[in-house]
Amino acid sequence: ALPICIQQKINRKEAINMDRYRKVIVDFEWHKISNTYKRERLLCDQEIIQFGAVMLDENNQEMGIFHSMVRPQFVLKYSAKIEELTGISEADLSIAPSFEKVFFDFLRWCDQRDVPYIIYSWSDNDLQQIKNELMLKQITCTDRVEYMLCHWRDLQVEFDDILGFYRRQSLENAMMLLGIEPEGRAHNALDDAKNTAILYTYLTDPVKQRTVVKKIKDILTPEEKGTTLGDLFDFNQLFQML
């Protein structure tokens, strides 16, 4: 069984100021499990096909990256749409290691130094996928696995809380709002992890907190009103019009 602590409420203000921790920023790409596997789809309807992660030290300096394709176990026909979206081919996946091997390689990479770490992802979808896939593939929840799952934070929630958004913002919209130019290719796990790490450093940098982040927050919070512009407007539609 997975640990109860992954369901506990996170102190978001504390989580984003844990400077003594290393930060591991992750992103996954995944593929739908084939309809043939009806019982498996009840537990988990997708499989991770790509891991990407960036490790930041206590001063938010990049100290390493992790990247691997993952061979799916329950995908009978690879989707051309997924290949177009991610750039990952069926040939790439056919020679990739299994989820179990990549997951434990990733766990060792996270745990390589005697310094505690926190994992961040954009939204809680990545954490939920890991939990589901661990159950689907009957991977034992060791103490090290439990530590990882219990130290997972949702940066999207923290970003929206800081700026007062009611609606959840995409990574692309969040970067656009802060004036950050995305690097690499969208829907590449490593590139998305790198961009999320850049955004994290913006939110935790004292200078940018006093300038860029505060300025945007002030603009989005009109005086003498009981709500924020982030509550009133759907910025997803706004960004699509730009």
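Everything below is about the structure printed above this text.
Residues numbered from 1 in each chain as written. Predicted model: local features only at pLDDT ≥ 70, side-chain atom pairs only at ≥ 80, totals over all residues. Heavy atoms only, no water.

Engineer: Could you give me a rundown of the sheet that holds strand E2 (residues 46-56), with the residues and numbers involved?
Structural biologist: Spatially, E3-E2-E1-E4-E5 is the arrangement adopted by the five strands of the open sheet, whose pairing is mixed. Edge positions in the sheet fall to strand E3 (62-69) and strand E5 (152-154), since each has one partner strand and no second. Geometrically, the sheet is characterised by an average inter-axis angle of 25° between neighbouring strands, direction not taken into account. Across four bridges, the pairing between strand E1 (residues 22-32) and strand E4 (residues 117-121) is parallel. (Pairing = 2+ DSSP bridges. Helix = DSSP H or I, 4+ residues; strand = E, 2+ residues; numbered from the N terminus. Axes fitted to C-alpha atoms, helices over the stretch in contact; angles between N-to-C directions.)

Engineer: Help me get a handle on the side chain of Glu29, residues and values and all.
Structural biologist: Here Glu29 shows up in strand E1. An unpaired buried charge is present at Glu29: no salt bridge exists, and Arg185, the closest side chain of opposite charge, is 8.7 Å distant. The residues touching Glu29, leaving out its near neighbours within four places in the chain, are Glu47, Ile48, Ile49, Gln50, Thr86, His187, Asn188, Ala189 and Asp192. (Buried < 20%, exposed > 50% of the residue type's maximum accessible area, 1.4 Å probe, protein only. Lys, Arg positive; Asp, Glu negative; His and termini not counted. Salt bridge = Lys/Arg side-chain N within 4 Å of Asp/Glu carboxyl O. Contact = heavy atoms within 4.5 Å.)

Engineer: Please set out the environment of Ile118 residue by residue, giving values where relevant.
Structural biologist: Inspection of the secondary structure puts Ile118 in strand E4. Residue Ile118 is classed as buried on the basis of its relative accessible area, which comes to 0%. Remark: the alpha-carbon pair of Ile118 and Tyr147, spanning 29 residues in sequence, is separated by 9.3 Å.

Engineer: Please give an account of the side chain of Thr196 that cites residues and values.
Structural biologist: Relative to the assigned elements, Thr196 resides in helix H10 (residues 189-204). Setting aside its immediate chain neighbours within four residues, Thr196 contacts Ile25, Trp122, Leu155 and Leu171.

Engineer: Describe unusual backbone geometry, listing the residues and the values that go with them.
Structural biologist: One non-glycine residue, Asn60, lies in positive phi territory at about 65°. As for its placement among the helices and strands, Asn60 is situated in the loop between E2 and E3. Classification of Asn60 by relative accessible area gives buried; the value is 17%.

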